[in-house]
Protein chains: 2
Amino acid sequence: MKEVILSQEMIDQLEKVVGQSFLFLDQATRNHYGHDETEDYVFPPSVVLKPGTPEEISEILKIANQYQIPVTPIGGRTGLSGGALSIHKGIGLSMERFNKILNIDEKNLQVVVEPAVITQVLREAVAEKGLFYPPDPSSQGSCWIGGNVAENSGGARAVKYGVTKDYVLNLEVVLPTGEIIWTGANTLKNSTGYNLTQLMVGSEGTLGVITKIVMKLLPKNSHNILMLVPFYNSGQACEAVSKIFSAGITPSALEFMERDAIDWTLRFVDGVSIAIKDEVQAHLLIEVDGNYPDVLFAEAEKITEVLEQFDIDEILFADTEDQKNALWKMRRAVGEAVKSNSIYKEEDTVVPRYELPKLLEGIKTIGDKYGFKSVCYGHAGDGNLHVNIVKGTMSDDDWKTEIPKGIREIFELTVALKGTLSGEHGIGYVQKNYMDIAFNRTQLLLMKGIKNVFDPNGILNPGKVLPDNI
Amino acid sequence: MKEVILSQEMIDQLEKVVGQSFLFLDQATRNHYGHDETEDYVFPPSVVLKPGTPEEISEILKIANQYQIPVTPIGGRTGLSGGALSIHKGIGLSMERFNKILNIDEKNLQVVVEPAVITQVLREAVAEKGLFYPPDPSSQGSCWIGGNVAENSGGARAVKYGVTKDYVLNLEVVLPTGEIIWTGANTLKNSTGYNLTQLMVGSEGTLGVITKIVMKLLPKNSHNILMLVPFYNSGQACEAVSKIFSAGITPSALEFMERDAIDWTLRFVDGVSIAIKDEVQAHLLIEVDGNYPDVLFAEAEKITEVLEQFDIDEILFADTEDQKNALWKMRRAVGEAVKSNSIYKEEDTVVPRYELPKLLEGIKTIGDKYGFKSVCYGHAGDGNLHVNIVKGTMSDDDWKTEIPKGIREIFELTVALKGTLSGEHGIGYVQKNYMDIAFNRTQLLLMKGIKNVFDPNGILNPGKVLPDNI
């Protein structure tokens with residue numbers, strides 16, 4: 001998209017919509033809204049707007065269409081694929097004033113929420129009413145529910161409870177052309193026309209600006225058991241994952257962490273200490289949940305029987321709430337801990353879960369070939385492995401030229417294993433030019449065609465998701 | 001769409017693709033493929049083709065584009081919204097040769113299946129491997145899995161396990177323009193580009209011809225408890241539905257049947273007899289399932305406690321497999337039984353479940369106003385109520401002029417209650433001109449735009465889903 005220099009007239013028009021106190025031109029504010037958690041990228045917008053109503057967003061988008069100004073919706077800025085970066089400058093549309101839980105409907109087990117509510121705040125608010133919103137991205141303490149919908153986020157509990165898309169019933173959306181629509185109905189079932197709701201979920205802010213979200217909730221579970229399992233062999237840890245499911249158990253979490261991931265995290269996080277033998281190569285963190293403790297004990301026993309077929313050290317059962325919180329704190333901090341050490345690139349590979357050992361082995365082989373170190377962890381129960389490629393002592397030249405080749409090979413392997421590029425982080429800015437690995441030209445042109453239907457002038461979050469050459 | 005008279009040249013080209021033995025021009029075959037279970041409609045195609053490979057379908061669609069011939073995909077012909085009717089004649093594309101279960105992947109809990117496999121056959125095949133495919137439309141003994149995907153079918157177990165869309169991971173589709181694509185990947189999580197898979201699910205054969213389906217499976221449950229609960233008041237039966245969920249229970253089925261529905265069914269079905277007191281107005285059929293009998297007994301007791309707050313007769317617990325099968329046989333036969341009595345129209349209303357009593361009451365009031373009788377039953381746990389409007393002794397004139405007004409009012413009520421037109425049957429041919437009640441012009445134009453991206457010449461299943469005036 002061509003860069004547009006904002007004229008005073010454009011600024012004046014935008015200011016008339018949001019008011020002087022919600023329009024920002026200063027460098028500090030623009031820089032603040034110019035980055036998320038994606039590598040070390042900073043792409044400041046030319047102007048930051050903080051609208052307060054869907055109608056104001058509608059007016060902003062109409063002006064943007066008139067002058068062909070790029071508009072980038074900005075959420076909690078915890079994204080890992082650069083979806084919120086204003087790579088073509090223009091308007092940075094911060095959604096932060098849409099921060100209310102509008103209605104917790106206990107009769108229908110639903111919640112209506114605005115996009116800037118922090119995911120954990122939402123989870124705790126519904127829990128107070130005895131209800132359960134399962135998706136729990138590791139960044140749940142800071143990410144926003146709107147961003148979760150835009151990226152179709154997952155988290156540790158996805159393995160049993162599904163991802164964000166499985167909870168979205170209906171969305172209020174401002175279309176790029178300015179119309180305000182609802183995508184569906186507030187019902188559990190819906191066979192009425194094309195599924196605009198699911199098309200919007202995971203579209204990474206390129207098809208519309210989400211202003212209200214209707215989600216289904218579950219009754220809250222009362223009990224869980226959490227165990228940390230040390231493996232002497234990483235491949236075996238991956239193999240154990242499928243075996244647990246084959247035994248008829250669906251854990252509520254099944255997380256994989258390489259040795260490095262845990263070591264780095266234990267150094268990074270305060271107040272968590274675990275003694276780990278030198279020979280241990282990887283851990284599984286396994287949770288079962290439900291309402292009946294006896295059932296959970298029986299399931300934990302079944303899981304233990306499966307695990308004993310492998311070469312493992314002693315299983316650590318978290319006995320108290322404090323121990324459970326400490327283990328989850330550690331798991332959630334892995335991403336930050338690994339990244340605190342070095343410049344990094346994070347890939348969000350996903351395969352059918354049985355293929356996980358092959359994926360892990362392949363990644364290490366590719367790393368050897370291109371000379372990079374990777375630290376892997378993630379939601380093994382879903383086959384979703386986060387691959388952190390750390391720069392460490394690699395030269396800037398190699399980082400620029402060799403790493404993209406290595407990433408391309410990792411994605412080729414992923415797709416060959418019937419998997420795909422991203423399980424829960426989205427494609428955004430940093431993965432878009434690998435999309436040709438997962439999709440051919442026909443598929444990409446369909447996506448491009450859909451984008452054009454929603455956004456004929458291409459003003460909303462340009463340069464994201466679709467590759468540059470399509 | 002304009003009617004096209006098939007020339008000998010077109011027929012010759014089509015025959016070259018499928019072979020002489022899979023092209024049918026005789027009236028009997030065309031009539032056979034000209035109807036499904038939608039009212040008494042018969043719309044024979046001009047020619048019936050039975051292709052054997054995606055490549056043949058691709059060739060057929062290319063010829064159809066060349067001559068602007070309408071193509072209507074035809075599945076098990078059990079549909080209730082007329083999606084398989086060749087209303088513009090042209091090619092009736094029977095999918096019956098795509099009838100294989102290609103792979104039951106026990107390691108990844110997935111199945112790859114062709115569209116013409118009967119849903120019950122699929123469910124039984126995976127059950128033999130200890131796996132569970134939950135969606136169970138009442139027509140499961142004759143409907144096809146491809147039609148289930150096209151209509152996003154539900155069934156009794158949707159209340160706990162979700163609908164067809166929740167099990168579809170990936171689809172092989174022949175696009176209307178002839179390209180063969182996969183819509184996604186074989187993974188449980190996917191944040192890679194727009195969700196073409198979920199766009200295809202429920203698109204009723206208007207965006208592509210489904211040729212392979214990858215679905216996720218669950219481990220099979222070993223136990224269940226089934227109970228039939230007679231209510232002296234229909235409204236109270238509806239109210240009880242929400243109360244059960246509020247007590248923290250998620251039943252695996254929660255079905256509602258008006259008195260007439262059961263009475264008509266008991267006369268229609270052999271081998272099932274239940275003594276029902278004259279004062280009973282409605283029944284709930286409630287199932288809980290799981291692996292631990294003790295837990296199920298505890299849940300059944302909790303449900304009983306909730307039910308005792310209402311004015312109910314004695315609960316019938318199905319003690320044996322035979323009794324369970326008899327009750328399910330009865331429930332599944334309701335639709336057919338009600339329809340065997342008279343010409344009918346069936347609506348597939350869905351609302352948030354707490355609104356069910358209001359919906360039922362409103363339907364009866366609207367019936368009184370327009371002079372029609374309705375028999376209601378359905379998946380109350382999902383808020384999905386099937387409304388069978390029976391012609392009975394109504395004059396043909398009133399049936400033609402008054403009933404559409406009544407249906408419009410029913411849908412307006414449904415939408416006012418935050419519900420929508422169809423929960424699981426689709427819009428197809430018979431509901432399309434009510435779509436303006438659920439969607440405004442902006443929303444419908446988005447859908448039309450998507451249709452144009454996939455099918456620029458509008459040859460695939462024309463005259464379905466979208467209203468005539470859009």
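Residues numbered from 1 in each chain as written. Chains lettered and ligands numbered in written order. Predicted model: local features only at pLDDT ≥ 70, side-chain atom pairs only at ≥ 80, totals over all residues. Heavy atoms only, no water.

As annotated in an unreviewed UniProt entry, chain A carries the name Glycolate oxidase and comes from Flavobacterium arsenatis. Per UniProt, chain A has the following entry under Cofactor (unreviewed entry): "FAD". (UniProt positions renumbered as here; feature names shortened; annotations may be inferred.)

Q: Can you walk me through the nonpolar core in this structure?
A: Nonpolar side chains tend toward joint burial in soluble globular proteins. Formed by 179 residues in total, the largest nonpolar core has its most connected members in Met215 of chain A together with Met215 of chain B. Apart from the residues lying within four places of it in its own chain, the contact partners of Met215 of chain B are Leu109, Gln110, Val111, Val113, Leu122, Tyr133, Ile145, Val149, Thr164, Tyr167, Val168 and Leu169 of chain B. (Core = buried A, V, L, I, M, F, W, Y, C linked by side-chain atoms within 4.5 Å. Buried < 20%, exposed > 50% of the residue type's maximum accessible area, 1.4 Å probe, protein only. Contact = heavy atoms within 4.5 Å.)

Q: Would you take a moment to explain the packing of helix 8 (residues 234–246) of chain B against helix 12 (residues 356–370) of chain B for this structure?
A: Between two packed helices, both the angle of their axes relative to each other and the distance between the axes serve to describe the pair. All names here are of chain B. Running from N to C, helix 8 and helix 12 cross one another at 155°; their axes reach a closest spacing of 8 Å. Comparing the axis directions of helix 8 and helix 12 gives the class roughly antiparallel. Helix 12 is crossed by helix 8, and the crossing has right-handed handedness. Seen from helix 8, the contacting residues are Ser234, Gly235, Cys238 and Glu239; seen from helix 12, they are Leu356, Pro357 and Leu360. Each residue belonging to the contact of helix 8 with helix 12 can be placed in one class, and the counts come to four nonpolar, two polar and one charged. (Axes fitted to C-alpha atoms, helices over the stretch in contact; angles between N-to-C directions. Helix = DSSP H or I, 4+ residues; strand = E, 2+ residues; numbered from the N terminus. Parallel < 35°, antiparallel > 145°, perpendicular 65-115°, else oblique. Left-handed = near helix turned anticlockwise from the far one by under 90°. Nonpolar A, V, L, I, M, F, W, Y, C, P; charged D, E, K, R; others polar.)

Q: For this particular structure, what's the right way to read the sheet that holds strand 17 (residues 373–379) of chain B?
A: Hydrogen bonds between backbone groups are what pair the strands of a sheet, and the pairing can be parallel or antiparallel. Residue and element names in this part refer to chain B. Pairing within the open sheet is antiparallel, and its seven strands lie in the order 15-12-14-13-17-18-16. A strand with exactly one partner marks an edge of an open sheet, and here the two such strands are strand 15 (316–317) and strand 16 (344–350). Contacts between helix 11 (residues 321–339) and the sheet are confined to strand 12 (223–231), strand 13 (253–258), strand 14 (282–290), strand 15, strand 16, strand 17 and strand 18 (384–390), with strand 17 contributing the most and set at about 140° to the helix. Here helix 13 (residues 396–416) sits on the sheet and contacts strand 16 and strand 18; the angle it forms with strand 16, its principal contact strand, is near 10°. (Pairing = 2+ DSSP bridges.)

Q: Any chance you could explain the domain arrangement of chain A here in plain terms?
A: The figure often quoted for interface size is the accessible area lost as the parts come together. Residue and element names in this part refer to chain A. Looking at the assigned domains, one finds that chain A contains domain 1 (8–97), domain 2 (101–219) and domain 3 (223–416). The C-alpha-based centres of domain 1 and domain 2 are spaced at 22 Å. The interface of domain 1 with domain 2 comprises 17 residues on the first partner and 21 residues on the second. The contact between domain 1 and domain 2 buries some 1,300 Å² in all, and 69% of this surface belongs to carbon and sulfur atoms. Where domain 1 touches domain 2, the interface holds zero salt bridges. Across the contact surface, domain 1 and domain 2 share two residue pairs in polar contact (both at pLDDT 80 or more). Broken down by secondary-structure element, the contributors of at least two residues to the side of domain 1 that touches domain 2 are helix 3 (54–67) and strand 3 (71–74). Among the elements that make up the side of domain 1 that touches domain 2, the one with the highest residue count is helix 3 (seven residues). Grouping the amino acids of the side of domain 1 that touches domain 2 by side-chain chemistry returns seven nonpolar, six polar and four charged. (Domains from an automatic or database assignment. Buried area = accessible area lost by both parts, 1.4 Å probe. Salt bridge = Lys/Arg side-chain N within 4 Å of Asp/Glu carboxyl O. Polar contact = N/O pair within 3.5 Å; in protein donor to acceptor, adjacent residues only side chain to side chain.)

Q: Could you clarify how one ought to interpret the interface of chain B and chain A in this entry?
A: With 80 residues of chain B at the interface, the matching set in chain A holds 80 residues. Surface buried jointly by chain B and chain A totals about 6,300 Å² across both partners, of which 63% is contributed by carbon and sulfur atoms. For the chain B face of the interface with chain A, the top three residues by lost area are Lys189, Ser191 and Tyr194 of chain B, together amounting to 15%. Between chain B and chain A we count four salt bridges in total. Salt-bridge contacts for Asp382 of chain A lead to Lys189 of chain B; the nearest nitrogen and oxygen are separated by 3.2 Å. At the boundary of chain B with chain A, the tally comes to 32 residue pairs in polar contact (both at pLDDT 80 or more). Per-element tally for the side of chain B that touches chain A: the top contributor is helix 15 (residues 441–454) of chain B, with nine residues. When grouped by side-chain class, the residues that make up the side of chain B that touches chain A number 32 nonpolar, 33 polar and 15 charged.

Q: Looking at this structure, I do not really get the packing of helix 9 (residues 259–268) of chain A against helix 11 (residues 321–340) of chain A. What am I missing?
A: Residue and element names in this part refer to chain A. One way to put it is that helix 9 packs onto helix 11 with a least axis distance of 8 Å and a crossing angle of 90°. One way to sum up the angle between helix 9 and helix 11 is to call them roughly perpendicular. Counted together, Ala261, Ile262, Trp264, Thr265, Leu266 and Phe268 of helix 9 and Met330, Ala333, Val334, Glu336, Ala337, Val338 and Ser340 of helix 11 form the full contact between these two elements. Of the residues in the contact of helix 9 with helix 11, the class split is 10 nonpolar, two polar and one charged.

Q: Hey, could you run me through the relation of the copies chain B and chain A in this one?
A: In this arrangement, two copies of a chain are superimposed by a rotation about an axis accompanied by a shift along the axis. With an RMSD of 0.0 Å, the fit of chain B onto chain A corresponds to turning through 180° and sliding 0.0 Å along the axis. What we have between these two chains is a two-fold relation. Mapped onto chain A, 100% of the interface residues of chain B again fall at the interface, so both copies present the same surface. (Least-squares fit on C-alpha atoms with pLDDT ≥ 70 in both.)

Q: Help me out: how do you make sense of helix 8 (residues 234–246) of chain A in this one?
A: Side chains of residues three or four places apart in an α-helix project in the same direction, reflecting 3.6 residues per turn. Residue and element names in this part refer to chain A. Taken together, the buried positions of helix 8 are occupied by Ser234, Ala237, Cys238, Ala240, Val241, Ser242, Ile244 and Phe245. One side-chain oxygen of the residue at the start of helix 8 lies 2.8 Å from the amide nitrogen of Gly235, identifying that residue as Asn233. Gly248, located one to two residues past helix 8, shows a positive phi value of around 90°.

Q: It is not clear to me how the pairing of strand 5 (residues 101–105) of chain A should be interpreted in this structure. Could you clarify?
A: Consecutive side chains of a regular strand alternate in pointing toward one face of the sheet and then the other. Residues and elements named next belong to chain A. Taken together, the four bridges between strand 5 and strand 6 (residues 110–113) define a ladder with antiparallel strand orientation. Among the inter-strand pairings, Asn103 is bridged to a residue of strand 6, identified as Val112. As consecutive antiparallel partners, strand 5 and strand 6 are separated by four residues, and within that stretch Leu109 has a phi angle of approximately 55°, a positive value.

Q: Which parts of the structure should I look at to understand the packing of aromatic side chains?
A: Two descriptors summarise a pair of aromatic rings, namely the distance from one centre to the other and the angle between the planes of the rings. Within this structure, the stated rule accounts for 14 aromatic pairs over all chains. Relative to Tyr167 of chain B, the ring of Tyr133 of chain B has its centre 5.7 Å away and its plane inclined at 80°; by these criteria the two rings are edge-to-face. Remark: Tyr167 of chain B occurs in the loop between helix 6 (158–161) and strand 8 (168–174) and Tyr133 of chain B occurs in the loop between strand 7 (131–132) and helix 5 (145–151); sequence separation between them is 34 residues. For Tyr167 of chain B, a relative accessible area of 4% puts it in the buried group. Connected via pairs of aromatic rings, a cluster forms that spans Tyr41, Phe43 and Tyr429 of chain A. Geometry around Tyr33 of chain A places Arg77 of chain A over its ring, the cationic atom sitting 5.6 Å from the centre. Over the aromatic face of Phe24 of chain B sits the side chain of Lys50 of chain B, whose NZ or CZ is 4.5 Å from the ring centroid. (Phe/Tyr/Trp six-rings, centres within 6.5 Å; stacked < 30°, edge-to-face > 60°. Lys NZ or Arg CZ within 6 Å of the ring centre and 35° of its normal.)

Q: Help me understand the UniProt feature "domain: FAD-binding PCMH-type" (unreviewed entry) in chain A, please; the structure alone is not making it clear to me.
A: Those places that UniProt annotates as "domain: FAD-binding PCMH-type" (unreviewed entry) correspond, in this numbering, to residues 41–220 of chain A. Note that residues 41–220 of chain A is 22% helix and 23% strand, and that its end C-alpha atoms are spaced 39 Å apart.

Q: Would you explain the environment of Lys451 of chain B in this entry?
A: Residue and element names in this part refer to chain B. Tracing the backbone shows Lys451 in helix 15. For Lys451, a relative accessible area of 10% corresponds to the buried category. Expressed as a C-alpha distance, the spacing of Lys451 and Leu360, which sit 91 residues apart in the sequence, is 35 Å. Within the structure, Lys451 has its side chain in polar contact with the side chain of Asp455 (distance 2.8 Å).

Q: Please explain the side chain of Lys391 of chain B as it appears in this structure.
A: Residue and element names in this part refer to chain B. Among the secondary structure elements, Lys391 is positioned in the loop between strand 18 and helix 13. On the basis of relative accessible area, Lys391 is assigned to the buried category, the value being 12%. A polar contact is formed between the side chain of Lys391 and the side chain of Asp396, at a distance of 2.6 Å. Ignoring anything within four residues of it in the chain, the contact list for Lys391 reads Ser342, Ile343, Asp396 and Trp399.

Q: I keep staring at helix 9 of chain A and nothing clicks. Help me out?
A: Considered for burial, the residues of helix 9 of chain A that qualify are Arg259, Ala261, Ile262, Trp264, Thr265 and Leu266 of chain A. Residues of helix 9 of chain A that are buried in the fold lie against strand 13 (253–258), strand 14 (282–290), helix 11, strand 17 (373–379) and strand 18 (384–390) of chain A.

Q: Quick question: what am I supposed to make of the sheet that holds strand 6 of chain A here?
A: Residues and elements named next belong to chain A. Sheet architecture is open: five strands sit in the order 5-6-10-8-9, paired in antiparallel fashion. The open sheet has two edge strands with one neighbour each: strand 5 and strand 9 (180–182). Adjacent strand axes in the sheet meet at a mean angle of 10°, parallel and antiparallel pairs treated alike. Note that strand 8 (residues 168–174) and strand 9 share three bridges and pair antiparallel. Residue Val173 lies in a different strand from strand 9, and its bridge partner there is Ile181. Those strands touched by helix 4 (residues 119–127) are strand 5, strand 6 and strand 10 (209–216), and its axis lies near 35° from that of strand 5.

Q: Is there a simple way to explain unusual backbone geometry in this structure?
A: What you tend to see is this: most non-glycine residues have negative phi, and most peptide bonds are trans. Residues and elements named next belong to chain B. Despite not being glycine, Arg77 shows a phi value in the positive range, around 55°. The backbone phi angle of Glu204 is positive, close to 60°, even though this residue is not glycine. The exposure class of Glu204 is buried, given its relative accessible area of 3%.

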